[in-house]
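Structural overview
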Amino acid sequence: MKELRLMKGNEAIAEAAIRAGADAYFGYPITPQSEVLEYLMAQRPETTTGMIVLQAESEVAAINMVYGAAATGKRVLTSSSSPGMSLKQEGISYIAGAELPCLIVNVVRGGPGLGTIQPSQADYFQSTKGGGHGDYRLLVLAPASVQEMSDFVKLGFELAFKYRNPVLILSDGVIGQMMEKVELFEQQERVSTYDPTWTLTGKPKERERNIATSLELDPYRQEKHNIKLQAKYTAMEENEVRYEEFNCDDAEYLIVAYGSSARISQKAVQLARAKGIKAGLFRPITLFPFPKNEINKFGSQVKGILSVEMSAGQMIEDIQLAVAGKVNVKHFGRYGGVVTAPDEVLETLEKHISGGWK
Amino acid sequence: MNLNDIIKPENLVYSKTPLLTDNVMSYCPGCSHGTAHRIIMEVIEEMGIQSETIGVAPVGCSVLAYEFMDIDMAQAAHGRAPAVATGIKRCWPEKYVFTYQGDGDLAAIGTAETIHACNRGENIMIVFINNGIYGMTGGQMAPTTLLGMKSSTSPFGRDVASMGNPIKMTDLVAQLPGTYFVTRQSVHKPVNVRRTKKAIRMALENQKLNKGVSFVEIVSSCNSGWKMTPVEANIWMEENMIPFYPLGDLKVDGELVKK
């Protein structure tokens, strides 16, 4: 039977974590994502599913608790918002280096620095290009609804264990704070078996000891490890690209937008169509792997591409790489915590059309 | 008794615990780490808990401890071992979890993680190797470096006015209600090795009581970092380190030891 609820995006993350059979959550309060920790503390899942919830002394400690817990083979997650994500980057780099699965949620707010508590999408570079030190990638999912906040928790855990890699849900203050109807998935069992090839369970006689480490002092062995990581990221690019198209088939002008900007842009496309402009929306769902081949195809179909993102223009670089100069790509978006309005997107679209999209 | 009798298995009086691997140790000759490693592994062997024990070794000379300890281990970022151990222990409350940290790790970059793991009363053992110097990076000043002590970043000696005082982390954590057993030992003489081994055993056994952190500081020598021979380093440690970091129990069974 369908279980429908009206929830905040942040609450949906928390509820979905319990339902996905998560073993532990470690977090630290920061606006606009504190409801994740608050919801979990109020639900007390340790009394139902046995899931551990712990408020850490810092984001640094929280991500390192995730590192330790992930090394045991358990399903673990953490969540934060932009300044807190900066603090977590060291730990995320270690987790990626040690090839441990976990789920990380960033409910992005405006920056730089302490910035603002209002929504933003200015953490795109940090999220999709690694974020911490070293050559590594996170698998990045960008929800555009409260429903996807819930669904991507389940999907995120599956992908994290499939690739033994951290998965990031890149949300923002709009999706985290808004309330929508969400259809919750059924409660899943917590895992009870652990891969003997890498999990820290205590070393039984019959196997070699397992070590969770990102250290390799010999540069040639470290290079080999890096090549293995890169092969994993290539496999993600081949298998995990996700996206959604809206009015794209006959589109002459394409808007590319993710997350809350995609919701806003969908309205802008409807407004444009009502005025006879053949606009379409392409929404990347995975930001890494980026749907570059799919966007490349539009290079020979459309007269112009508009990247709508609540930043000074970050994803636009990936779109430009994808279309390889076949069509001009423009950026539009309010930023620093200001949310873009659909009529602003439409105005920008019309301005570039009348200017020949140069 | 001739040589052939002496080497018979029934005449064996001591051997390396099989829980120490045969990998060549990366520690300098004269360093305290080798002895500390051996004691911990001997206790784990004697308690029969190899399959239930998970260790955490963060950045420092002992970051490679997993090469020598034949147990499941996590290497941790600098200072973060108590947080990593918290994550492991919360997921495996029935298992034995310990951290093995140096002074730069535990008392400088990881102060917050140390204090808060102790304050939460995580049921883990923290082993604190205090040699008053950053060994791995080549002998820089540590938070525990004694006043006047020379290092590569205090070449004229640690000066209190500009560099502050050496920190007594063990005394600090003993004050927290989350610690159950706090002791300061050394491994520079056989009697101290025996006492330290006893402390490690108690610290691991305490994990079954669920009463909080057991914290074992081992005042150690770093002859390479101190630019001394191993013998000189042990004498210097006894004459300088131990008067400032006196040996003995600070807290037993959750009660501060009265001096």
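Numbering of residues begins from 1 in every chain and follows the order in which that chain's sequence is written. Chain A is the first chain written and ligand 1 is the first ligand written, with later ones labelled in order. Confidence filtering applies because this is a predicted model: local features only for residues at pLDDT of at least 70, side-chain atom pairs given and counted only at 80 or more, and all residues used for totals across whole chains, interfaces and linings.

This next bit is on the overall build of chain B. Numbering of helices and strands starts at the N terminus; helices are DSSP runs of H or I of at least 4 residues and strands are runs of E of at least 2. Counting its secondary structure elements, chain B contains 10 helices and 10 strands. The globule rule is 2.2 Å times the number of residues to the power 0.38, and the radius of gyration it is compared with is taken over C-alpha atoms. Rg of the C-alpha trace for chain B: 18 Å, near the compact-globule value of 18 Å for 259 residues, within the 12% margin. Along the three orthogonal principal directions, the C-alpha set of chain B runs to about 60 × 45 × 35 Å. With C-beta atoms placed from the backbone, a residue is buried if 20 or more other C-beta atoms are within 10 Å of its own, exposed if 12 or fewer are, and partly exposed between those counts. Expressed as a percentage of the 259 residues in chain B, the buried residues total 52%. Here the analysis covers contacts within chain B between residues at least 6 apart in sequence; of these, 66% occur between residues at least 24 apart. Contact between residues is assigned whenever the C-beta positions, reconstructed from backbone atoms, fall within 7 Å.

The next subject is the domain arrangement of chain A. Residues and elements named next belong to chain A. Each assigned domain of chain A is listed here: domain 1 (3-198 + 227-239) and domain 2 (243-354). Put simply, the parts of the chain that give the side of domain 1 that touches domain 2 at least two residues each are helix 5 (124-128), strand 6 (139-141), strand 7 (166-172), helix 7 (173-177) and helix 8 (219-239). Note on residue classes: Ala, Val, Leu, Ile, Met, Phe, Trp, Tyr, Cys and Pro are nonpolar, Asp, Glu, Lys and Arg are charged, and everything else, Gly too, is polar. A class-by-class count of the residues in the side of domain 1 that touches domain 2 yields 15 nonpolar, nine polar and four charged. Segmentation into domains, and thus their bounds, comes from an automatic or database assignment.

Two quantities define a packed helix pair, namely the angle between the axes and the distance from one axis to the other. Interaxial angle, 0 to 180 degrees, is taken between N-to-C directions of lines fitted to C-alpha atoms, where a helix line uses only the stretch in contact. Contact pair helix 3 (residues 59-71) of chain A / helix 3 (residues 81-91) of chain B: the axes reach a minimum separation of 6 Å and the direction vectors enclose 45°. Between helix 3 of chain A and helix 3 of chain B, the angle is such that the two are oblique. Helix 3 of chain A and helix 3 of chain B meet at a crossing whose hand is right-handed. Only A83(B), V84(B), A85(B), T86(B), G87(B), I88(B), R90(B) and C91(B) of helix 3 of chain B make contact with helix 3 of chain A, whose side of the interface consists of A61(A), N64(A), M65(A), V66(A), Y67(A), G68(A), A69(A) and A71(A). For the contact of helix 3 of chain A with helix 3 of chain B, the class distribution of residues is 11 nonpolar, four polar and one charged. Each angle receives one of four descriptions, namely roughly parallel if under 35 degrees, roughly antiparallel if over 145, roughly perpendicular if within 65 to 115, and oblique otherwise. Here is the rule for handedness: rotate from the far helix to the near one, and if that takes an anticlockwise turn smaller than a right angle the crossing is left-handed, while a clockwise turn gives right-handed.

Below, the discussion takes up the interface of chain B and chain A. Residue-level contacts link 29 residues of chain B with 32 residues of chain A. Looking at the side of chain B that touches chain A, the elements with two or more residues in it are strand 1 (53-58), strand 2 (72-76), helix 3 and helix 5 (111-120) of chain B. With eight residues, helix 3 of chain B is the single largest residue contributor to the side of chain B that touches chain A. Being paired, for any two strands, means DSSP has found at least two bridges between them. Bridge count between strand 9 (residues 211-212) of chain A and strand 2 of chain B: two bridges; the pairing is parallel. If you follow I211(A) over to strand 2 of chain B, its bridge partner there is M73(B).

Right, let's get into the sheet that holds strand 11 (residues 253-256) of chain A. Residues and elements named next belong to chain A. In spatial order, the strands read 10-12-11-14-15; together these five strands make up an open sheet with mixed pairing. Looking at which strands have only one partner, the edges of the open sheet turn out to be strand 10 (243-246) and strand 15 (329-332). Going from strand to strand, the sheet's axes swing by 20° on average, the running direction of each strand aside. In this sheet, strand 15 lies alongside strand 14 (residues 304-308) in parallel orientation, the contact comprising four bridges. By the bridge assignment for strand 15, L306 is matched with K330. The strands touched by helix 9 (residues 259-274) are strand 10, strand 11, strand 12 (279-284) and strand 14; relative to strand 12, the strand with the most contacts, the crossing angle is about 165°.

A few words on the pairing of strand 8 (residues 213-219) of chain B. Residues and elements named next belong to chain B. Extensive coverage of strand 8 is indicated by the burial of seven of its seven residues. Burial along strand 8 is two-sided: V213, F215, E217 and V219 facing one way and S214, V216 and I218 facing the other are all buried. Note: strand 4 (residues 125-130) against strand 8, six bridges, orientation parallel. Paired with I129 across the two strands is I218, which belongs to strand 8. The pairing of strand 7 (residues 179-186) with strand 8 spans seven bridges and is classified as parallel. Bridge assignment links T179 to a residue of strand 8, and that residue is V213.

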